[in-house]
Amino acid sequence: MLKYEQIALQINTFISEGHFQAGDKLPSVEALKEKYNVSKSTIIKALEALEKKGSIYLARGSGIYVRNQKRDGYLNLFSSSGFSDEIVGHSVTNHVIRVDEVPAPEEVRQKLKLNEGTEVYVLERIVHIDGNVLCYEKSYFNKDIVLYLDTSIAEGSIFRYLEKNLKVKIGFSDIYFTVDKLDIDEASLLNLSASDPCLRYEQIFYTTTGIPFDCSQLLYHYENAHFYIPSQK
């Protein structure tokens, strides 16, 4: 975990433990810089991460303010972090259907900027929250970035594995989603009925240097998936 991420985690923990309430003003950037004995840019990156997460609000010329904590069990719709980091306090488990090495389908090849014939890892799994189906996930990974992937890794947090073991620096993502209906095969994966509603969600993840490495397609269970968006001005 990078220094700014450690600081962001500490500040977020301090807030979640009730030391600050919604609307309270946090110490200034300079004060935080002195407290953590780091550069100003490190503090700014930590604050930007917290703002993106929805924990704080940065008001130009005014200060740093605490936001209301998100409702329990809700996912940040625009998050680039994994499920385990998003749904704190709940049990997140993964049932892996398969992990294979396959030639990248044309659509995936274009999105990950790969040459024809390049192989990728494909992962299919069902994600559960507290024993209930949250979503079906099908992901394709660039093997130049994700050097190794197997079932035991896919049963846990892939992003934690990438950051800790492979030292992949995960940057930003592009997100596309539509409200749709399930076909019969999709419905069976989510324990639902054909034509039930779903959120069809595609997310392409990039490293901090802008290399696309993960193209994920998810189908969310309409009864068990709950979202929020921490909007910024």
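Read on for an overview of the structure. (Residues numbered from 1 in each chain as written. Predicted model: local features only at pLDDT ≥ 70, side-chain atom pairs only at ≥ 80, totals over all residues. Heavy atoms only, no water.)

### A few points about the nonpolar core
When a protein is soluble and globular, its nonpolar side chains tend to lie buried together.
Then, in step 1: Residues Val99, Leu123, Phe141, Val146, Leu149, Leu162 and Phe213 are the most contacted members of the largest nonpolar core, which totals 18 residues.
Then, in step 2: Mapped by element, the contributors of at least two residues to this core are strand E4 (92-103), strand E5 (119-129), helix H6 (151-154) and helix H7 (158-164).
Then, in step 3: Take this core: its biggest share by element is four residues, from H7.
Then, in step 4: When near neighbours in sequence (up to four residues on either side) are disregarded, Phe213 contacts Leu112, Tyr140, Phe141, Asn142, Ile145, Val146, Leu162, Ile170, Phe205, Tyr206 and Thr207.
Then, in step 5: Tyr4, Ala8, Leu47 and Leu50 belong to the second largest nonpolar core, which has 17 residues in total. (Core = buried A, V, L, I, M, F, W, Y, C linked by side-chain atoms within 4.5 Å. Buried < 20%, exposed > 50% of the residue type's maximum accessible area, 1.4 Å probe, protein only. Helix = DSSP H or I, 4+ residues; strand = E, 2+ residues; numbered from the N terminus. Contact = heavy atoms within 4.5 Å.)

### Here we look at the pattern of salt bridges
Then, in step 1: In this structure the tally under the stated criterion is nine salt bridges.
Then, in step 2: Between Asp100 and Arg98 there is a salt bridge, with the nearest N and O atoms lying 3.1 Å from each other.
Then, in step 3: The exposure class of Asp100 is partly exposed, given its relative accessible area of 33%.
Then, in step 4: For the salt bridge of Glu186 with Arg200, the shortest nitrogen-to-oxygen distance reads 2.9 Å. You can see Glu186 sitting in helix H8 (residues 184-189) and its partner Arg200 sitting in strand E8 (residues 197-207), a full 14 residues away along the chain. (Salt bridge = Lys/Arg side-chain N within 4 Å of Asp/Glu carboxyl O.)

### Regarding the packing of aromatic side chains
For any pair of aromatic rings, the description rests on two quantities: the centre-to-centre distance and the angle between the ring planes.
Then, in step 1: Summed over the entire model, instances satisfying the criterion amount to seven aromatic pairs.
Then, in step 2: Judged by centre distance (4.6 Å) and plane angle (15 degrees), the ring pair of Phe172 and Tyr206 falls under stacked. Taken as a pair, Phe172 in strand E7 (residues 170-181) and Tyr206 in strand E8 lie far apart in primary sequence, 34 residues in all.
Then, in step 3: Overall, Phe172 belongs to the partly exposed group, its relative accessible area being 38%. (Phe/Tyr/Trp six-rings, centres within 6.5 Å; stacked < 30°, edge-to-face > 60°.)

### Topic: the side chain of Ser55
Then, in step 1: If you trace the backbone, Ser55 turns up in the loop between helix H3 (40-53) and strand E1 (56-59).
Then, in step 2: When sequence neighbours within four positions are dropped, the list of residues in contact with Ser55 reads Asn12, Ile15, Leu50, Tyr65, Val66 and Arg67.

### Some points on the packing of helix H1 (residues 3-16) against H3
Then, in step 1: At a minimum axis distance of 8 Å, the contact between H1 and H3 shows a crossing angle of 55 degrees. Considered as vectors, H1 and H3 are oriented oblique to each other. As for how H1 packs across H3, the hand of that crossing is right-handed. Listed contacts from H3 to Lys3, Tyr4, Ile7, Ala8, Ile11 and Asn12 of H1 are Thr42, Ile43, Lys45, Ala46, Ala49, Leu50 and Lys53.
Then, in step 2: Looking at the contact of H1 with H3 residue by residue, the classes come out as eight nonpolar, two polar and three charged. (Axes fitted to C-alpha atoms, helices over the stretch in contact; angles between N-to-C directions. Parallel < 35°, antiparallel > 145°, perpendicular 65-115°, else oblique. Left-handed = near helix turned anticlockwise from the far one by under 90°. Nonpolar A, V, L, I, M, F, W, Y, C, P; charged D, E, K, R; others polar.)

### Brief notes about H3
Each turn of an α-helix holds 3.6 residues, which means side chains three or four residues apart point in the same direction.
Then, in step 1: If you check H3, its first and last C-alpha atoms are 20 Å apart, about what 14 residues at 1.5 Å a residue would give, namely 20 Å.
Then, in step 2: Of all the residues in H3, the buried ones are Thr42, Ile43, Ala46, Leu47, Leu50 and Glu51.
Then, in step 3: Elements that come into contact with the buried residues of H3 comprise H1, helix H2 (29-36), E1 and strand E2 (63-66).
Then, in step 4: Positive backbone phi, approximately 95 degrees, marks Gly54, located one or two places after H3. (Expected span 1.5 Å × (residues − 1).)

### Observations concerning unusual backbone geometry
What you tend to see is this: most non-glycine residues have negative phi, and most peptide bonds are trans.
Then, in step 1: The phi dihedral of Asp130 is positive, around 50 degrees, even though this residue is not glycine.
Then, in step 2: The backbone phi angle of Asn191 is positive, close to 60 degrees, even though this residue is not glycine.
Then, in step 3: Take Asn191: it is sitting in the loop between H8 and E8.
Then, in step 4: On the accessibility criterion, Asn191 (61% relative accessible area) is exposed.

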